[in-house]
Amino acid sequence: MSPDNAIETEGLTKRFGDLVAVDQVDLTARTGTVLGVLGPNGAGKTTMVRMLATLSQPTAGTGRVGGYDIVRNAPEVRSLIGLTGQFAGIDELLTGEENLRFIGRLLGMPTKDAKARARELLGQFDLSDAADKAAKAYSGGMRRRLDLAASLVGRPQILFLDEPTTGLDPRARGELWELVRGLVADGTTVLLTTQYLEEADQLAHEIVVIDHGKVIATGTPTQLKSKIGGQTLRIQPEDHGQLDSLRALVAERFPDIEPIVEAGAITIGVNDDGVMPALAADLRDRGITLTDFHLGLSSLDEVFLTLTGHRTEADADDETQPEEAAK
Amino acid sequence: MTAATIESPVMGRPGLTDTVRQTLSMAWRQMVRIKHNPFELVDLSLSPVMFLLLFVYVFGGQMAGSTADYLQYVLGGLIAQNAIFLTMYTGTGINADLRKGVYDRFRSLPIARSAPLAGKIFADLFKQVWSIAIMLGLGLLMGFELRSWAGALLATLALVVFALAISWVSVLMGVVADSEEKVQIYAFVIIMPLTFTSSAFVDINTMPGFMQAWAKVNPVTHLADAMRGLLSSGPIAEPLLWTFAWAVGIFAVTAPLAMRAYRRKMV
């Protein structure tokens, strides 16, 4: 019998010297659901996953995976989980089939079963045609699929996906999403970290937003989107001098929303795209001509601006993952 | 209380038989790598072949009066030197895997902590056997007179045991160093003087007193003497005993250090 919460942490903390990479994180993932951990580069997502997957030990706090303590019962935790990290844990010289067969043998499957399981996964992940090619000849999307397949050889109940689609093109990303949905339909619990709001929105039942190692928001995708506006409207007047009158109009129409004024344009979060025609009519009436008037999906950047009042820091220092910096 | 389902049974710490089986699986991976990249074996053979030809045909006349006599002397020493150099690749391989994230996957699996490292060492023993075969084969072509085939077999066995132990020095360096190049530099700086200050290439009685004192205890001297004894001529039992004593000593110190460094890597 599985516990109700597949993953639970309380005050989970990891320090590297003075750097607090993960700071008092409390989170839960209900069994059979997807928990999305959303945050920019360097937010501490990977460090958190490494602790939960028993690759590193917390400085403070506790974590339970499948009901087992991640420090005291690490071997038990390992027998329940699968991990797909940011760096492909596959052997490039081996073929796809050999990579999977190898994991099966490591897990103690008889050779025949390991072969059968490898073939089954290759089929499921649309890699049958490339089964006997060396993994170094695989495309980025194929590699990620093979890596994901490798983490599933032992049929884990709980799966950690650390930025599984970073660097993939939209088609490969969509394919991977479908695979994850299939796993969840079969009862697997997934913890997924991502930099993409859209990805969390597509896959997660529950989202935890983290920044600088701290949880800054939690909720269902719908709850979060209604808090921040699921879409972003960007309006840029042709004449910079009209920015103030545009601002006044926006304030009239959307009294509850704090607009972002930047680079000669105004950006607001909106939940209802029905506002566009009325706003366009107002703009025309006031004689404001525009160079940009478009509705887009809110990016992680805008989520952060709304939640924290600062943009995600994409400067060089923050690009490195904390554990990289600590090495 | 069990949280087990049909999918993934909960397992505790792996036992000894599991550890051995997992080590063999790890070694299997390494052997498949060689299968896909057989030129690795050619690369491995280049430097021993070159050393053997150069030492015998360049230094031979000066060293022993005739190249034939020097070949009888130096083949055992060169085999010993090459075996020690070969262990360096164990460390560089582990270093590369560690940095590429391959070990992250291993660490998330319910397998023994030592299995990836031990598996790599185990597989590399195949390269040791390959190299001794190449060198002995070339030596025989050059006119080497083998004491006995039983001796050759025993020499291979002794070499494998010694390599098994000193590979842990290389593993330790592979785990600690932050790049493959550093592993190579450390290894070179240690191995080069170590092999030259031994009986591998010259009679240590020609060395000055302080150097003789060191050369007499140098493990490479014992290994080279044992190889020479088994393959060519000279005492066998004493150098062999010292070789094993060194192997046990080096293993006892470096294997726990390497495992500790490996665990520490999981910060």
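All residue numbers refer to positions counted from 1 along the written sequence of the respective chain. Just so you know, chain letters begin at A and ligand numbers begin at 1, following the order they were written in. A pLDDT threshold of at least 70 governs which residues receive local features in this predicted model, and a stricter bar of 80 or more applies before side-chain atom pairs are shown or counted, although totals over entire chains, interfaces and linings include all residues.

Looking at an unreviewed UniProt entry, one finds chain B named Transport permease protein, with Glycomyces harbinensis as its source organism. UniProt positions are given in the numbering used here, feature names are shortened, and annotations may be inferred rather than shown by experiment. Heading Sequence similarities (unreviewed entry) of the UniProt record for chain B holds this comment: "Belongs to the ABC-2 integral membrane protein family."

In the annotation of an unreviewed UniProt entry, chain A is listed under the name Oleandomycin transport system ATP-binding protein and assigned to Glycomyces harbinensis. Regarding chain A, the UniProt comment filed under Sequence similarities (unreviewed entry) reads as follows: "Belongs to the ABC transporter superfamily. Drug exporter-1 (DrugE1) (TC 3.A.1.105) family." Listed under Subcellular location (unreviewed entry) in UniProt, the entry text for chain A is "Cell membrane".

Helix and strand assignments come from DSSP, with helices taken as H or I runs of at least 4 residues and strands as E runs of at least 2, each series counted from the N terminus. Scanning chain A for helices and strands turns up 13 helices and 14 strands. Projected onto the principal axes, the alpha-carbon positions of chain A cover approximately 75 × 45 × 40 Å.

The next subject is the interface of chain A and chain B. By the convention adopted here, residues are in contact when the distance between their C-beta atoms, placed from the backbone, does not exceed 7 Å. On the side of chain B, 31 residues touch chain A, which itself brings 36 residues to the contact. No other element matches the five residues that helix α2 (residues 74-80) of chain A contributes to the side of chain A that touches chain B. In this classification, Asp, Glu, Lys and Arg are treated as charged, Ala, Val, Leu, Ile, Met, Phe, Trp, Tyr, Cys and Pro as nonpolar, and every other residue, Gly included, as polar. For the side of chain A that touches chain B, the class distribution of residues is 19 nonpolar, 11 polar and six charged.

This part covers the sheet that holds strand β4 (residues 60-65) of chain A. Residues and elements named next belong to chain A. Taken in spatial order, the four strands line up as β2-β1-β4-β5 in an open sheet, and their pairing is antiparallel. Strands with a single pairing partner mark the edges of an open sheet, and in this sheet they are β2 (19-30) and β5 (68-69). When DSSP finds two or more bridges between a pair of strands, those strands are recorded as paired. Across eight bridges, the pairing between strand β1 (residues 5-16) and β2 is antiparallel. Paired with Thr9 across the two strands is Leu27, which belongs to β2. For helices, the fitted line uses only the C-alpha atoms of the stretch in contact; every axis is such a line through C-alpha atoms, and the angle between N-to-C directions lies from 0 to 180 degrees. Running at roughly 120° to β1, helix α1 (residues 45-52) makes contact with β1, β2 and β4 of the sheet.

All right, on to helix α1 (residues 16-36) of chain B then. At 3.6 residues per turn, the α-helix brings residues three or four places apart onto the same side. Compared with the 30 Å implied by 1.5 Å per residue over 21 residues, the 31 Å span of α1(B) between its first and last C-alpha is a close match. Within α1(B), the full set of buried residues consists of Gln22(B), Thr23(B), Ser25(B), Met26(B), Ala27(B), Arg29(B) and Gln30(B). Those residues of α1(B) that are buried are in contact with α3 (96-106) of chain A together with α5 (115-141) of chain B. One less than the number of residues in a helix, times 1.5 Å, gives the span that helix is expected to have. Residues are called buried when their C-beta atom has 20 or more other C-beta atoms within 10 Å, exposed when it has 12 or fewer, and partly exposed otherwise; all C-beta atoms are positioned from the backbone.

We now examine the nonpolar core. Residues and elements named next belong to chain B. Counting residues in each nonpolar core, the largest one holds 87 residues, and the members touching the most others are Ile79, Ala80, Phe162 and Met227. If you tally residues by element for this core, the top one is helix α3 (residues 67-100), at 14 residues. Excluding residues that lie within four positions of it along the chain, Phe162 makes contacts with Ala83, Leu223, Thr243 and Ala247. We define the nonpolar core as any set of buried residues of the types Ala, Val, Leu, Ile, Met, Phe, Trp, Tyr and Cys, connected via C-beta atoms lying within 7 Å of each other.

Quick look at the UniProt feature "domain: ABC transmembrane type-2" (unreviewed entry) in chain B now. Here, the residues flagged by UniProt with the feature "domain: ABC transmembrane type-2" (unreviewed entry) are residues 39-265 of chain B. Secondary structure within residues 39-265 of chain B divides into 83% helix and 0% strand; the distance between the first and last C-alpha atoms comes to 32 Å.

Residue and element names in this part refer to chain A. The strand order across the open sheet formed by six strands is β6-β7-β8-β3-β9-β10, and the pairing between neighbours is mixed. The open sheet has two edge strands with one neighbour each: β6 (81-84) and β10 (214-219). Pairwise comparison of adjacent strand axes, ignoring direction, gives a mean angle of 15° for this sheet. The strands touched by α1 within the sheet are β3 (34-38), β7 (158-162), β8 (189-194) and β9 (206-211), with β7 carrying the most contacts at an inclination of about 155°. Packed onto the sheet, helix α6 (residues 170-185) meets β3, β7 and β8 and runs at close to 150° relative to β8.

Where a domain begins and ends is set by an automatic assignment or by a domain database. Each assigned domain of chain A is listed here: domain 1 (5-225) and domain 2 (231-297). Here the C-alpha centre of domain 2 of chain A lies 40 Å away from the C-alpha centre of domain 1 of chain A.

Residues and elements named next belong to chain A. Of all six residues in β8, six are buried, a share of seventy percent or more. Here β3 runs beside β8; their pairing, made up of five bridges, is parallel. Bridge assignment links Val34 to a residue of β8, and that residue is Val190. For β7 and β8, the ladder comprises five bridges, and the chain directions are parallel. When the sheet's bridge partners are listed, Leu159 is paired in β8 with Val190. Viewed along the sheet, the connection from β7 through α6 into β8 turns out right-handed. For a crossover, the right-handed case is the one in which the path from the first strand over the helix to the second runs clockwise, viewed with the strands pointing away from the viewer.

Residue and element names in this part refer to chain B. Two elements in contact, helix α6 (residues 149-176) and helix α10 (residues 237-264), have axes separated by 8 Å at closest approach and are oriented at 25°. When the axes of α6 and α10 are compared, the pair comes out roughly parallel. Note on packing geometry: the crossing formed by α6 with α10 is left-handed. Classifying every residue of the contact of α6 with α10 by side-chain character gives 22 nonpolar, two polar and no charged. For classification purposes, angles smaller than 35 degrees are called roughly parallel, those larger than 145 roughly antiparallel, those between 65 and 115 roughly perpendicular, and all remaining angles oblique. In this scheme the crossing of two helices becomes right-handed for a clockwise turn of the near helix relative to the far one and left-handed for an anticlockwise turn of less than a right angle.

Moving on: unusual backbone geometry. Residues and elements named next belong to chain A. For Arg155, which is not a glycine, the phi torsion comes out positive at approximately 50°. With respect to the helices and strands, the residue Arg155 is situated in the loop between α5 (140-150) and β7. On the neighbour-count criterion, Arg155 (15 C-beta atoms within 10 Å) is partly exposed. You will see that His212, though not glycine, has its phi angle at about 50°, which is positive.

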